[in-house]
Amino acid sequence: MLNRYYSHKFAEIFLYVESLIQLLNKGINDYNTATQDYQTAEQQKYLMDLGGKRVRPLLALISCQMFGKDPEAALPAALAVEVFHNFSLVHDDIMDQAPMRRGKETVHQKWNPATAILTGDVMLVNAYELLLQLDNDVLKQSMELFSTTAIQVCDGQMLDMSFEDKAEVSINEYINMITLKTAVLLGCSLKLGAIVAQAPHTFANHLYHFGVKLGISFQLQDDILDVYAEGDAFGKQIGGDILANKKTFLLISAMEKATGEDKKLLDFWLTHPNPEPRDKVKAITELYNKLGIAAQAKNMMENYYNDAMDLLAAVEVNPEAKQPLYKLAQQLLNRNS
Ligand code: GRG
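Just so we're clear, the structure is a prediction, and the values are computed from it rather than from any experiment.

Reading the values: the criteria
Residues numbered from 1 in each chain as written. Predicted model: local features only at pLDDT ≥ 70, side-chain atom pairs only at ≥ 80, totals over all residues. Heavy atoms only, no water. Helix = DSSP H or I, 4+ residues; strand = E, 2+ residues; numbered from the N terminus. Buried < 20%, exposed > 50% of the residue type's maximum accessible area, 1.4 Å probe, protein only. Contact = heavy atoms within 4.5 Å. Areas by Shrake-Rupley, 256 points an atom, 1.4 Å probe, with all protein chains shown as cover. Lys, Arg positive; Asp, Glu negative; His and termini not counted. Charge placed at Lys NZ, Arg CZ, Asp CG, Glu CD. Phe/Tyr/Trp six-rings, centres within 6.5 Å; stacked < 30°, edge-to-face > 60°. Expected span 1.5 Å × (residues − 1). Disulfide = S-S within 2.5 Å. Core = buried A, V, L, I, M, F, W, Y, C linked by side-chain atoms within 4.5 Å. Near = heavy atom within 4 Å. Polar contact = N/O pair within 3.5 Å; in protein donor to acceptor, adjacent residues only side chain to side chain. Nonpolar A, V, L, I, M, F, W, Y, C, P; charged D, E, K, R; others polar. Axes fitted to C-alpha atoms, helices over the stretch in contact; angles between N-to-C directions. Parallel < 35°, antiparallel > 145°, perpendicular 65-115°, else oblique. Left-handed = near helix turned anticlockwise from the far one by under 90°.

Visitor: Can you break down the overall build of the chain residue by residue, with the values?
Guide: Scanning the chain for helices and strands turns up 17 helices and two strands. Structurally, the chain occupies a C-alpha span of about 60 × 45 × 40 Å along its principal axes. Within the chain, buried positions represent 55% of all 337 residues. The contacts in the chain between residues at least 6 apart in sequence include a share of 73% that link residues at least 24 apart. In the form shown here, the chain has an accessible surface area of approximately 15600 Å², with 52% of it arising from carbon and sulfur atoms. Here the chain holds 31 positive side-chain charges and 42 negative ones, and the gap between their average locations is 3 Å.

Visitor: Describe the packing of aromatic side chains, and please don't skip the residues or the numbers.
Guide: Applying the stated criterion across every chain, the model contains six aromatic pairs. Both rings, one in Phe-84 and one in Phe-146, keep their centres 5.5 Å apart while their planes meet at 75°; by these two values the pair is edge-to-face. Here Phe-84 is found in helix 5 (residues 75-96), whereas its partner Phe-146 is found in helix 8 (residues 136-164), with 62 residues between them in sequence. Taking relative accessible area as the criterion, Phe-84 reaches 3% and is therefore assigned buried.

Visitor: Could you give me a rundown of helix 10 (residues 201-228), with the residues and numbers involved?
Guide: Counted at 1.5 Å a residue, the expected span for helix 10 with its 28 residues is 40 Å, and the 40 Å between its end C-alpha atoms agrees. Counting buried positions over the 28 residues of helix 10 gives 21, a clear majority of the element.

Visitor: Before we move on, can you summarise the state of the cysteines with the specific residues and values?
Guide: Scanning all chains against the criterion turns up zero disulfides. In this structure Cys-154 is not part of a disulfide, and its nearest cysteine sulfur, from Cys-188, lies 15 Å away.

Visitor: Let's hear about the nonpolar core: which residues, and what values?
Guide: Counting 110 residues, the largest nonpolar core has Phe-67 and Phe-210 as the members making the most contacts within it. Examining the composition of this core, we find that 15 residues originate from one element, helix 9 (residues 171-196), more than from any other.

Visitor: A description of the side chain of Thr-40 should follow, citing residues and the corresponding values.
Guide: Relative to the helices and strands, Thr-40 resides in the loop between helix 2 (18-34) and helix 3 (41-50). Every residue in contact with Thr-40, bar those within four places of it in the chain, is listed here: Leu-118, Thr-119 and Val-122.

Visitor: Requested: an account of the environment of Ala-308, with residues and values cited.
Guide: Along the chain, Ala-308 turns up in helix 16 (residues 293-313). On the accessibility criterion, Ala-308 (0% relative accessible area) is buried. Sequence spacing of Ala-308 and Gly-156 is 152 residues, and the spatial spacing of their C-alpha atoms is 21 Å. With residues near it in sequence (within four places) discarded, Ala-308 still touches Phe-210, Lys-213 and Leu-214.

Visitor: Help me get a handle on the site of the ligand, residues and values and all.
Guide: The environment of the ligand is formed by 20 residues, the closest being Lys-53, Arg-56, His-85, Arg-102 and Ala-150. A distance of 2.7 Å separates an oxygen atom of the ligand from a polar side-chain atom of Arg-56. One nitrogen or oxygen atom from the side chain of Arg-102 is found 2.7 Å from an oxygen atom belonging to the ligand. Look at the ligand: alone it shows 750 Å² of surface, and the protein chains cover 89% of it. Among the elements of the structure, helix 5, helix 8, helix 9 and helix 10 are those that each provide at least two residues to the shell around the ligand. Take the shell around the ligand: its biggest share by element is eight residues, from helix 5. Grouping the amino acids of the shell around the ligand by side-chain chemistry returns eight nonpolar, seven polar and five charged.

Visitor: Could you give an account of the packing of helix 10 against helix 17 (residues 319-332), with specific residues and numbers?
Guide: Packed helices, taken two at a time, are described by the angle between their axes plus the distance between the axes. For the pair helix 10 and helix 17, interaxial distance at closest approach is 10 Å and the crossing angle is 20°. As summarised for this structure, helix 10 and helix 17 are arranged roughly parallel, according to the angle between their axes. You can see that helix 10 and helix 17 cross each other, and the crossing is left-handed. Counting all contacts with helix 10, which are made through Leu-207, Phe-210, Leu-214, Phe-218 and Gln-221, the residues of helix 17 involved are Leu-325, Ala-329 and Leu-332. Among the residues making up the contact of helix 10 with helix 17, the classes are represented as seven nonpolar, one polar and no charged.

Structure, rendered in structure tokens:
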């Protein structure tokens, strides 16, 4: 039976790692049960049950299995990264005042911002509690990596917000921001699995960097999907980044490339105090098309993806054991949500 959280795009990887997904689902159910008496249990369960792709915990389990260790040993780490990820989404949605997440109302929208803040806070603490279940011989290294990563994610979010007030942001600054905000958690998930499996450091680090490169290409994909996804499958508002003047790769690149009339048009929409949303999204999308921005973003995305593949190739384990990661990476870059 296919997991209801996995769209048909993910069906293939589902079949590849069916037992890991079942392990993960059981872990998430047990986690929901263990936290059911909390005042924020309903909100947390609401969000966790919306699912999402659950890529990060899957990465941790796959990575552990890859090095020949029973993936169940990495389940606490896998759950910790997913709970942490969900925590960050709740807070991110408050900051962005986003109405929708995973095709449903966000927690702050359905309840209220104070409830959403507390739900997120409890989830962050819960993530640490989950990590504490790891074996003592891998606990310290895992905690250190997790904490470093959490601070990097927070730094990434700060940088992202700081871009709102900056007239110019370079592509390099942008890549640094998404590395911190999005990519390091994917790297962390993979490395946690490797740490639990007590894999050789070199390979654990290759996997970490594989995750980071994949994460960058994943975020570039996200930027592209904001503009070019098909509505229903996306689960978010199309053109949300455009309406918020969000400095995504696409906008930064358009700001760099646009000259003359194009630049005037871009400035007009970026400074318009009260634009008709549909008109603004349409005009800026047309400009992106004219300047070849989507193609440039795709190219950049593919470069990071190829770097990630090289790193995975350098991990010396049974080639069969790497197949789930290859499949997952492929499907991430073919997603529409
Ligand atoms: C770390 C203390 C501390 C605070 C967090 C709010 C915040 C500070 C950071 C925001 C981090 C954030 C929301 C990054 C976005 C990452 C991203 C690409 C989310 C979408 O991930 P998917 O596509 O989502 O995996 P699903 O729904 O599939 O889980």
